[in-house]
Amino acid sequence: MDKSMMGDLDNLPEEDKLRMAAMIDQLQIRDSLRMYNSLVERCFNDCVDSFKHKNLQKQEETCVNRCAEKFLKHSMRVGMRFAELNQGAATQD
């Protein structure tokens, strides 16, 4: 978001600022749930082979743990890179 837009937000009435904050919170919750659902679906599909047992087998559990770890590390790295790019764009203005 560029500086002129940030200045525009400062000029909003308090009620509108609260409404914008609530909308941002909803979007963040939605994105978090979307990421969680994607993680669960991907790791389940990649790692669970059969439904013969009530609990995960050792190899399935290991696979799920590795899958989740990779997914979260990747998401963190993408977020860090996005922040770097965002910061670089902000300093160019």
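Residues numbered from 1 in each chain as written. Predicted model: local features only at pLDDT ≥ 70, side-chain atom pairs only at ≥ 80, totals over all residues. Heavy atoms only, no water.

Going by the annotation in an unreviewed UniProt entry, the name recorded for the protein is Mitochondrial import inner membrane translocase subunit, with Rhodamnia argentea given as the source organism. UniProt annotates the protein under Subcellular location (unreviewed entry) with the comment "Mitochondrion inner membrane". UniProt, in the comment section headed Sequence similarities (unreviewed entry), describes the protein in these words: "Belongs to the small Tim family." (UniProt positions renumbered as here; feature names shortened; annotations may be inferred.)

## Looking at the state of the cysteines
Each disulfide consists of one covalent bond between the sulfur atoms belonging to two cysteines. Following the criterion strictly, the structure yields two disulfides and no others. C43 shares a disulfide with C67; S-S distance 2.0 Å. With the S-S dihedral at roughly -90 degrees, the linkage between C43 and C67 falls on the left-handed side. Residue C43 is located in helix α2 (residues 14–47), and its partner C67 is located in helix α3 (residues 58–92); the two are separated by 24 residues in the primary sequence. You can call C43 buried: its relative accessible area is 4%. (Disulfide = S-S within 2.5 Å. Helix = DSSP H or I, 4+ residues; strand = E, 2+ residues; numbered from the N terminus. Buried < 20%, exposed > 50% of the residue type's maximum accessible area, 1.4 Å probe, protein only.)

## Description of the packing of aromatic side chains
Under the defined criterion, the tally for this structure stands at one aromatic pair. Summarising the aromatic geometry, the rings of F44 and F51 are spaced 6.0 Å apart at their centres and angled 35 degrees between planes, so their arrangement reads as tilted. On the basis of relative accessible area, F51 is assigned to the exposed category, the value being 69%. (Phe/Tyr/Trp six-rings, centres within 6.5 Å; stacked < 30°, edge-to-face > 60°.)

## Description of the packing of α2 against α3
Where α2 contacts α3, the two axes come as close as 9 Å, and the packing angle between them is 145 degrees. Of the two elements, α2 crosses α3, and the hand of that crossing is right-handed. Contacts between α2 and α3 involve M35, S38, L39, C43, D46 and C47 on the former and, on the latter, E60, C63, V64, C67, A68, F71, L72 and S75. Grouping the constituent residues of the contact of α2 with α3 by class yields 10 nonpolar, two polar and two charged. (Axes fitted to C-alpha atoms, helices over the stretch in contact; angles between N-to-C directions. Left-handed = near helix turned anticlockwise from the far one by under 90°. Contact = heavy atoms within 4.5 Å. Nonpolar A, V, L, I, M, F, W, Y, C, P; charged D, E, K, R; others polar.)

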